[in-house]
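As a plain string of letters, each chain reads:
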Amino acid sequence: MEQEIVRRPDEDTPDEDAAEELAAEPSPADGDQNRDARLTRRVHVVLGLVIAALGAWLLYKSRTELEFRGPNNEPGPGYLPVLLTICLIALGLALSAVWLWGPKARRGEAPTLSLSPQGIGRALLVWLALLVCAFLIEPLGFLAAGEVLVVLVIVVIERIRSIPLIIALLLLPPAMYLLFDTLLEVQLPGGTLWY
Amino acid sequence: MNAVEGLLHGLQSAITPTNLLWLLVGCLLGTLVGILPGLGPPATIAILLPLATGFAPATGLIMMAGIYYGAKYGGSTTSILLNIPGESSSVVTCIDGYEMAKQGRAGKALGIAAIGSFVAGTLGVIGLTFLAPAAADVAVNFGPPEYSALMVFALLLVIMLAGDSMLKGFIAMFIGLFLSTIGTDLFSGAQRFTGDQIELAGGIEFIALSVGIFAVGEVLINIEDKTEKQLFQVPNKIRDLLPSRQDIKKSTPAMLQGGIVGFLIGILPGAGSTVASFVSYIIAKKTSKTPEEFGKGSIEGVAAPEAANNSETGGAMVPLLTMGIPGSGTGAVLLGALVLYGLNPGPLLFHEHADVVWPIIASMYLGNIALLVMNLPMVPLFAKLLNTPYKVLYPAILLISVVGVYSVNFSIFDVGMLVVFGLLGYVMRKLDIPPAPLVLAFVLGPIAENAIRQSLLLSNNSPIIYLERPISATLIGLAVALLLVLAFGRGRKVRDQVVEIDA
């Protein structure tokens, strides 16, 4: 780009030069790949550190809250958690290290993660709908909470217009209620708000 | 009465219209219940126990055996179609079964699961018939050190499910092991990482963890792309929905191997069908001509664990009937049923109550046939379910998951755990961390911890106990060899995986 700005517009450019320029300039796809590789590397380094930090916190809790040895010097309740958290710290640090200094990571040849913000946003929306449903099960009961989940899917997540699909989805919670609660006698929550 | 005479006598007693009717009812109920996550075989048998005790002992126990078998087969259906493992033993089936479903080969996977279950289930029953006394002698020698060694070996095998990155596989395994320590410590009564939540005193509910990580996590990955097309393609022709002769031929070694491994592991109380299914999967992968297909929709990857899972049933009956040791939750309920009927399981059971024991064993042969006859025609029907638009299917999967998890303990807390583990499953997939080692380590963790701590108690904290006993020394030797193979074997390949693929 810099070269183009410097060059005068009336100046003829030989074909070979143009070809060389094109070859030297990274294509948008290469740029995306490099960005993904850098992001993947960063994510893995942070992931390793998070695992190590979590392991360290759990190790601290295991050492302070649980006895490592029992009264007769036998392994206590903290025995296995301490060993496991030490291993987690080591593995977390190892993950960060190989992504910081590993040859493939440095060369950008390691497989990249697919971290598209739109995709993640959609997945999190569905997860939030499930979370809302889980919160509402106790006060509203399974039927109403199930309908809330389905309505969120129809209106917010998928924006479904097809009437047959909408009907099929709205019938899901009552169908399940009939199968489990009525036929199989698995008592599903009725809702503290109503009973 | 020798085994053949006993079996013939048992078949004669089992083939009565009443017994056959209740066997079919048991298989049908078991299959239906197995399809629903949460309501596993122990819960179903326990619910039906009052009904069954109204029958003659042989009839009631025949029905319960039918439920046991049916539930095991039913569990594979949701694993293959929806990636929902109803039980821990179905986790391994999810790996290749669900991949096959994604490729439009759900019918073949379901079909091979039915055939594998039949072949291996029959092998397991043959083993139970002829090898029960000898096998019981070996099982008696399995004390805590042997179990510890077996679990260490099994946990190392878990890593082989790690896929491309062994380092991430180890991380998943250690997270699973750590999660399994949450709850009340059985030795001291201390609460570990429960945060004063009474619901966590018994530990994290397995169904909440596995359904969250597998089913909800998978749904979240699948809905990232807003596409109008079907997620799965299902062939229209029924012939294309069932396994071909070539598929069966390819899967036969895996089925036979799974049958033998499942039976042998089933004999060991506590080891259970989960260990059987994934040990058999690993062996199938290692001995397959196409190991590269495993994890990507290999039919052998479905046949082997399903075979082992069903053959384990025959093996689990060995300690139950000969020593009164239940190998699993279902075994414990069956033991309760035996006691309710006034039968005392033990070495004398075969002599004192041959009129009850042999019909049960005979009914297991018949149950296998009944399940195959019932399930194969159902395969195309189940596979066609995948024609449902994913927009309808995924809310249904989420709601079934909620109901399944809730129905285990009738606990809203468990539903909350499902949501949390669903997010964990999604994050793990996004970060390319394999979920199977976490889930399997979670299952094996408590068995391993108990065995290790009991062994150290027995030996006054001396680890030498593992080398002093021949079985545990052999297993430790195998574990060390496996570790060496993982670390240094096959030249640079494994180290390259750790150092470069991780990087």
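Residues numbered from 1 in each chain as written. Chains lettered and ligands numbered in written order. Predicted model: local features only at pLDDT ≥ 70, side-chain atom pairs only at ≥ 80, totals over all residues. Heavy atoms only, no water.

Moving on to the overall build of chain A. Within chain A, the regular secondary structure consists of seven helices and zero strands. Secondary structure of chain A in N-to-C order comes out as α-α-α-α-α-α-α. Each of the 195 residues in chain A was classed as buried or not, and the buried ones make up 36%. Long-range pairs, those at least 24 residues apart, make up 55% of the contacts in chain A between residues at least 6 apart in sequence. (Helix = DSSP H or I, 4+ residues; strand = E, 2+ residues; numbered from the N terminus. Buried < 20%, exposed > 50% of the residue type's maximum accessible area, 1.4 Å probe, protein only. Contact = heavy atoms within 4.5 Å.)

Right, let's get into the overall build of chain B. Counting its secondary structure elements, chain B contains 23 helices and two strands. Taken over 503 residues, chain B has a buried fraction of 62%. Considering only contacts within chain B whose residues lie at least 6 apart along the sequence, 79% involve residues at least 24 apart. When the accessible surface of chain B is split by element, carbon and sulfur atoms take 67% of a total near 18,000 Å². (Areas by Shrake-Rupley, 256 points an atom, 1.4 Å probe, with all protein chains shown as cover.)

This next bit is on the nonpolar core. Residues Ile 204, Leu 209, Phe 278 and Tyr 394 of chain B are the most contacted members of the largest nonpolar core, which totals 148 residues. Per-element accounting of this core gives the leading share, 15 residues, to helix α6 (residues 117-157) of chain A. Ignoring anything within four residues of it in the chain, the contact list for Ile 204 of chain B reads Leu 179, Ile 182, Leu 209, Met 417, Phe 421 and Phe 442 of chain B. If you look at the next biggest cluster of nonpolar residues, it comprises 39 residues, including Ile 62, Ile 267, Ala 337 and Leu 349 of chain B. (Core = buried A, V, L, I, M, F, W, Y, C linked by side-chain atoms within 4.5 Å.)

Under the counting rule described, the total for this entry stands at six aromatic pairs over all chains. Between Phe 68 of chain A and Tyr 79 of chain A, the aromatic rings sit 5.3 Å apart at their centres with planes inclined by 40 degrees, giving tilted as the arrangement. Here Phe 68 of chain A, found in the loop between α3 (28-65) and α4 (79-101), pairs with Tyr 79 of chain A, found in helix α4; they are eleven residues apart in sequence, far enough to count as distant. With a centroid separation of 5.8 Å and 40 degrees between ring planes, the pair formed by Tyr 390 of chain B and Tyr 394 of chain B is classed as tilted. Taken as a pair, Tyr 390 of chain B and Tyr 394 of chain B lie in helix α18 (residues 390-409) at a separation of four residues, close to a single helical turn. Of the two residues examined, Tyr 390 of chain B and Tyr 394 of chain B, each falls in the buried class. (Phe/Tyr/Trp six-rings, centres within 6.5 Å; stacked < 30°, edge-to-face > 60°.)

Further remarks concern the side chain of Glu 449 of chain B. Here Glu 449 of chain B is to be found in helix α20 (residues 435-458). Side chain to side chain, Glu 449 of chain B and Arg 192 of chain B meet in a polar contact 2.8 Å long. Those residues in contact with Glu 449 of chain B, other than ones at most four positions away along the chain, are Leu 80 of chain A together with Thr 181, Asp 185 and Arg 192 of chain B. (Polar contact = N/O pair within 3.5 Å; in protein donor to acceptor, adjacent residues only side chain to side chain.)

In this model, helix α16 (residues 354-375) of chain B (22 residues) spans 31 Å end to end at C-alpha, consistent with the 32 Å of a helix rising 1.5 Å per residue. Across the 22 residues of α16 of chain B, 17 count as buried, placing the element largely inside the fold. (Expected span 1.5 Å × (residues − 1).)

Attention shifts here to the interface of chain A and chain B. Opposite the 68 residues of chain A that make contact, chain B presents 57 residues. Across the chain A/chain B interface, buried area totals approximately 5,700 Å², and carbon plus sulfur atoms make up 80% of it. Inspection of the region where chain A meets chain B yields zero salt bridges. The interface formed by chain A and chain B contains eight residue pairs in polar contact (both at pLDDT 80 or more). Considering each element in turn, the side of chain A that touches chain B owes the most residues, 18 residues, to α6 of chain A. Among the residues making up the side of chain A that touches chain B, the classes are represented as 50 nonpolar, eleven polar and seven charged. (Buried area = accessible area lost by both parts, 1.4 Å probe. Salt bridge = Lys/Arg side-chain N within 4 Å of Asp/Glu carboxyl O. Nonpolar A, V, L, I, M, F, W, Y, C, P; charged D, E, K, R; others polar.)

A few words now on the packing of helix α8 (residues 166-181) of chain B against α20 of chain B. All names here are of chain B. Their axes nearest at 7 Å, the elements α8 and α20 cross at an angle of 50 degrees. Considering the angle they form, α8 stands oblique to α20. Where α8 crosses over α20, the handedness of that crossing is right-handed. Residues Gly 169, Ala 172, Met 173, Ile 175, Gly 176, Leu 177, Leu 179, Ser 180 and Thr 181 of α8 touch α20, and the partners they reach there are Pro 437, Leu 438, Ala 441, Phe 442, Gly 445, Pro 446 and Glu 449. (Axes fitted to C-alpha atoms, helices over the stretch in contact; angles between N-to-C directions. Parallel < 35°, antiparallel > 145°, perpendicular 65-115°, else oblique. Left-handed = near helix turned anticlockwise from the far one by under 90°.)

Turning next to the environment of Ala 114 of chain B. All names here are of chain B. By the secondary structure assignment, Ala 114 is in helix α6 (residues 106-140). Considered as a pair, Ala 114 and Ser 210 are 96 residues apart in the sequence and their alpha carbons are 23 Å apart. Excluding anything up to four places from it in sequence, Ala 114 contacts Tyr 73, Leu 372 and Leu 376.

Residues and elements named next belong to chain B. With the rule as written, the count across this model stands at twelve salt bridges over all chains. A salt bridge links Glu 146 to Arg 469; the shortest N-O distance between them is 2.8 Å. With a gap of 323 residues between them, Glu 146 in helix α7 (residues 144-158) and Arg 469 in the loop between α21 (465-468) and α22 (470-488) connect regions that are remote in the sequence. Among the residues examined, Glu 146 registers a relative accessible area of 2% and is labelled buried. Two residues, Asp 185 and Arg 453, come together in a salt bridge whose shortest N-O distance is 2.7 Å. You can see Asp 185 sitting in the loop between β1 (183-184) and β2 (191-192) and its partner Arg 453 sitting in helix α20, a full 268 residues away along the chain. Of the two residues, Asp 185 and Arg 453, both sit in the buried class. If you follow the salt bridges from partner to partner, you end up with Glu 99, Lys 102, Glu 218 and Arg 429 in one network.

With that out of the way, let us pick up the confidence of the model for chain A. Confidence along chain A averages 82 in pLDDT terms, with 81% of residues attaining 70 or more. Scored below 50 in pLDDT, residues 1-14 of chain A shows six contacts in the model against residues more than four places distant or in partner chains. (pLDDT = per-residue confidence, 0-100.)

Residues Leu 125, Leu 128, Val 151, Val 155, Val 156 and Leu 170 of chain A make up a contiguous nonpolar surface patch of roughly 450 Å² in combined accessible area. Its place among the elements puts Val 156 of chain A in helix α6. (Patch = residues over 30% accessible without salt bridge, like charges linked within 9 Å, V, L, I, M, F, W, Y side chains within 5 Å.)

Residue and element names in this part refer to chain B. For Phe 193, which is not a glycine, the phi torsion comes out positive at approximately 55 degrees. Of note, Phe 193 is situated in the loop between β2 and α9 (206-222). We note that Asp 196 has phi near 60 degrees; this positive angle belongs to a residue other than glycine. Relative to the assigned elements, Asp 196 resides in the loop between β2 and α9.

Attention shifts here to the environment of Ser 116 of chain A. Along the chain, Ser 116 of chain A turns up in the loop between α5 (103-107) and α6. Residues Ser 116 of chain A and Asp 36 of chain A, 80 residues apart in the sequence, show an inter-C-alpha distance of 9.9 Å.

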